[in-house]
Amino acid sequence: MQRRQLLLAGGALCALPGHALDFAPPRAPAAMRASVDRIIDIAVGIRPFRAQGPRIEAQRLHGRTVVHHYGHGGSGWSLSWGSAQRALALVQAGGAKPGERIAVIGCGAIGLTTARTAQQAGYRVRLYAKDRPPQVTSSAATGLWTPDSRIVTREHAGEAWSAGWEAMARASFKVHQSYLGLPSGPVEWHDGYLLADDFDTPLPSHAGEPDYPDLASRIADLRPRGVALAAGEHPFRTPQVRRFTQLVFNIPAYQRLLLDDFARDGGELVQRVFHRASDFAHLPERTVVNCSGDGARRLLADTTLTPVRGQTARLIPQPEVDYALIWRSHNLVVLPRRDGLLVAAMGGDDFGNDDPRPDRAQSEAAVQRLAGLF
Ligand SMILES: Cc1cc2nc3c(=O)[nH]c(=O)nc-3n(C[C@H](O)[C@H](O)[C@H](O)COP(=O)(O)OP(=O)(O)OC[C@H]3O[C@@H](n4cnc5c(N)ncnc54)[C@H](O)[C@@H]3O)c2cc1C
């Protein structure tokens, strides 16, 4: 019999001819301890969705240059850095010079990354925000690399828009990679399993949601391809399973690091509520970057923003679980975050919903669906 070296590559056993037998069986993933009495927190956030895509544009308002920078839907963490670079270009085009102090409104993913990007370009920054982490929507996010999630409708995603999105996603991806390997683990790569009863069955669309374009194929080269697993190569009770490799944001650690870096570079954080755009006129800074997320709906009476409610629950951390799960047909995403097993599930009426109250029954049902897998 010809000898084979068996390599465990991407979860599939690959045989290379002419090499010594060197076989390591795949390690079974640790089971998730999914029970409702392990829920330690439930968080709700309101995704700031705009059919046209994020608003990144400058305006002269009440004697200030205001750079609007909001409306990142379900992609705020993922796109943050690339989007911040675009907002910074508008700050520079508006005449603000390095060394000058600018104002950034908002302390979510967009405000924090905008502030850091401006500091790195030599600006002094004062952040003004009604709330700071963990009271912001960004703190309720799942923490997946999803730059194409509820970011624009198909109707508005022409070639120019999509190319701009791609540039933003690639720029953002690059910066996220520079946060790998740090002790608090703000950014990590994890394997995950995509589960389905049948991958060929299209998913039902959610109530009231518009059509979204396929943008992911433009950046497919940014991560390894998924691998279909045969029965016996995974422990799940679902007919079809693919393994993928995915970028995960440990949101609390990421936020903490950004806040610490911001303060270390001389940034100031001021708690302040703005009731209308004319309030900007009272700021001492000549340039204001408005990163108020869903808050812009009221602040600017912006009717182009649609709130999209989302809820995540955390189970007691299980450091031995190092993989993600996406069970599409059961509307479930689970991430092995350092601050807990993060369980996200969509509700039936999220689109257009800005109800900030946690719905414990929704998270318990998601945890029970998860328990059925193990
Ligand atoms: C359940 C859920 C899961 C998600 N999962 C992911 C994911 O996996 N990956 C991903 O990339 N994205 C994800 N998102 C989307 C992401 O969280 C948002 O796109 C992002 O949080 C938007 O960030 P932001 O900074 O614009 O808004 P926010 O985080 O809402 O921050 C807004 C800031 O502005 C301040 N502000 C607002 N109005 C005023 C005012 N009038 N005066 C003063 N301050 C004001 C607020 O206090 C706050 O500091 C998810 C969202 C939800 C809800």
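Below you will find a few notes about this structure. (Residues numbered from 1 in each chain as written. Predicted model: local features only at pLDDT ≥ 70, side-chain atom pairs only at ≥ 80, totals over all residues. Heavy atoms only, no water.)

Around the ligand, a shell composed of 36 residues is seen, among which Gly73, Ser78, Asp131, Ser138 and Leu144 lie nearest. Gly76 is positioned with one of its backbone polar atoms (N or O) 2.9 Å from an oxygen atom of the ligand. Gly143 is positioned such that a nitrogen or oxygen atom in its backbone is 3.0 Å from an oxygen atom of the ligand. Contact with the protein chains covers 95% of the free accessible surface of the ligand, which is 1000 Å². For the shell around the ligand, the secondary structure elements donating two or more residues are β3 (39-50), α1 (76-93), α2 (109-120) and β13 (305-315). (Near = heavy atom within 4 Å. Polar contact = N/O pair within 3.5 Å; in protein donor to acceptor, adjacent residues only side chain to side chain. Areas by Shrake-Rupley, 256 points an atom, 1.4 Å probe, with all protein chains shown as cover. Helix = DSSP H or I, 4+ residues; strand = E, 2+ residues; numbered from the N terminus.)

A few words now on the packing of α2 against helix α4 (residues 251-264). Orientation of α2 relative to α4, taken along the N-to-C sense of each, is 35 degrees, at an axis distance of 10 Å. The element α2 and its partner α4 pack so that their crossing is left-handed. For the pair formed by α2 and α4, the contact residues are Leu112, Thr113, Ala115, Arg116 and Gln119 on the first element and Gln255, Leu258, Leu259, Asp261, Phe262 and Arg264 on the second. Class assignment for the residues of the contact of α2 with α4 results in five nonpolar, three polar and three charged. (Axes fitted to C-alpha atoms, helices over the stretch in contact; angles between N-to-C directions. Left-handed = near helix turned anticlockwise from the far one by under 90°. Contact = heavy atoms within 4.5 Å. Nonpolar A, V, L, I, M, F, W, Y, C, P; charged D, E, K, R; others polar.)

Between its first and last C-alpha atoms helix α3 (residues 159-177) spans 27 Å; for 19 residues at 1.5 Å apiece the expected length is 27 Å, and the two agree. Where α3 is concerned, the buried positions are Ser162, Gly164, Trp165, Glu166, Met168, Ala169, Ser172, Phe173 and His176. Contacts from the buried residues of α3 go to β4 (55-61), α1, β8 (187-196), β10 (240-249) and α4. (Expected span 1.5 Å × (residues − 1). Buried < 20%, exposed > 50% of the residue type's maximum accessible area, 1.4 Å probe, protein only.)

Okay, unusual backbone geometry next. A negative phi holds for most residues other than glycine; trans holds for most peptide bonds. A cis amide bond links Pro133 to the next residue, Pro134, at an omega of 10 degrees. Topologically, Pro134 is positioned in the loop between β7 (124-129) and α3. A positive phi angle, close to 50 degrees, is found at Ala301, a residue other than glycine. Topologically, Ala301 is positioned in the loop between α5 (296-299) and β13. Residue classification places Ala301 among the exposed residues on the basis of a relative accessible area of 59%. Even without a glycine there, the phi angle at Asn331 is positive, about 55 degrees. Checked against the element boundaries, Asn331 lands in the loop between β14 (323-327) and β15 (332-337).

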